[in-house]
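Structural overview for review
Residues per chain are reported as follows:
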Amino acid sequence: MSNMYAKIKDGSVEKYPYTIGDLKKDNPNTSFTSSISTVTLNSYGVVEVKTENRPSFNETTQYLDLKKVPELVSGVWTLKWEIKDKTQTELDEAKANSQSDIREERLMLLQECDWTGLTDASLSTDMVDKWKTYRQELRDITKQTSFNNAEPSVTWPNQPT
């Protein structure tokens, strides 16, 4: 990844991101070498910007944003991460989406074993009962307590063999 720069004036960020192309446009009468030293960049108010290490956060209830403007941290211009709490609307939407995904999976599993209910399916009485039980467990999947958690999950029944 290429270096990121900022243009600093009077101790504040004047422009970020700032590129070597910006430096050349801002100084058309100056000839720069292909590799510009840090000392030369600094003499034009251009500093390298480091990105803070990505912090850990709770993906269920929070999200991570990279700030738009670097800050001076211990003498280094740094682009920092910001952890923000999701709104109740976002949490509710994520929960509803997860529950919808579970219902879709359940529907697919039920459709895959629809054949077991046909009268001409060559299944023993014992296997017919096992399939009926399995299908009922699938239909009851939304009754599991964990289905209503903030991060919904379910324990899927095992298909008869």
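Note: the structure precedes this text.
Residues numbered from 1 in each chain as written. Predicted model: local features only at pLDDT ≥ 70, side-chain atom pairs only at ≥ 80, totals over all residues. Heavy atoms only, no water.

**What about the pairing of strand β3 (residues 46-51)?**
Using the following cut-off: Two strands qualify as a pair provided that DSSP identifies no fewer than 2 bridges between them. Strands here are runs of E lasting at least two residues and helices are runs of H or I lasting at least four, both read from the DSSP assignment and numbered beginning at the N terminus.
Note that strand β1 (residues 4-9) and β3 share 4 bridges and pair antiparallel. Bridge assignment links Met4 to a residue of β3, and that residue is Val49.

**A word on the side chain of Arg106**
Inclusion rule: A simple rule labels every residue: compare its accessible area, found with a 1.4 Å probe on the protein chains alone, to the largest value its type can have, and call it buried under 20%, exposed over 50%, or partly exposed in between. When charges are tallied, Lys and Arg are placed among the positive residues and Asp and Glu among the negative ones, while His and the ends of the chain are skipped. A carboxyl oxygen of Asp or Glu within 4 Å of a side-chain nitrogen of Lys or Arg is what we treat as a salt bridge. As used in this structure description, the phrase polar contact means that two N or O atoms lie within 3.5 Å; if the pair is within protein, one of them must be able to donate a hydrogen and the other to accept it, and residues adjacent in sequence are counted only when both atoms belong to side chains. Residue contacts are defined here by distance: any two heavy atoms, one from each residue, within 4.5 Å place the two residues in contact.
Checked against the element boundaries, Arg106 lands in helix α3 (residues 88-112). With no salt bridge to any partner, buried Arg106 finds its closest opposite charge in Asp140, at an N-O distance of 7.2 Å. In this structure the side chain of Arg106 is engaged in a polar contact, spanning 3.2 Å, whose partner is the backbone oxygen of Arg139. Aside from chain neighbours lying at most four places away, what touches Arg106 is Leu138, Arg139, Ile141, Thr142 and Trp156.

**So, the sheet that holds strand β6 (residues 76-79)**
Here is the rule we go by: Orientation is described by axes fitted as lines to C-alpha atoms, over the contacting stretch for helices, and by angles from 0 to 180 degrees between their N-to-C directions.
What the 5 strands build is an open sheet, ordered β2-β1-β3-β6-β5; its pairing is mixed. One side of each edge strand has no neighbouring strand; the edge strands of this open sheet are β2 (12-18) and β5 (71-73). Taken over all neighbouring pairs, the strand axes of this sheet differ in orientation by 45° on average, direction set aside.

**Considerations on the pattern of salt bridges**
For side chains of opposite charge, pairing can occur when their charged atoms come near one another. Inspection of every chain in the model, using the stated rule, returns 8 salt bridges. A salt bridge links Asp22 to Lys15, with the nearest nitrogen and oxygen atoms 3.3 Å apart. According to the relative accessible area criterion, Asp22 is buried, its value standing at 11%. Put simply, Lys130 and Asp126 hold a salt bridge, and the shortest N to O gap is 3.5 Å. In this pair, Lys130 and Asp126 both sit in helix α4 (residues 125-139), 4 residues apart, roughly one turn of the helix.

**Here we look at α4**
How we decide: Multiplying 1.5 Å by the residue count of a helix minus one yields the expected span of that helix. It is the directions from the helix axis to the C-beta atoms whose arc is reported.
Helix length check: α4, at 15 residues, gives a terminal C-alpha distance of 21 Å against a target of 21 Å (1.5 Å per residue), a fit within 8%. Within α4 the residues assigned to the buried category are Met127, Trp131, Tyr134, Arg135 and Leu138. Axial view of α4: buried residues confined to an arc of 95°, hence all on one face. Exposed residues lying more than 90 degrees from the buried face of α4 are Thr125 and Lys132.

In short, shape yes, function no, at least from these values alone.
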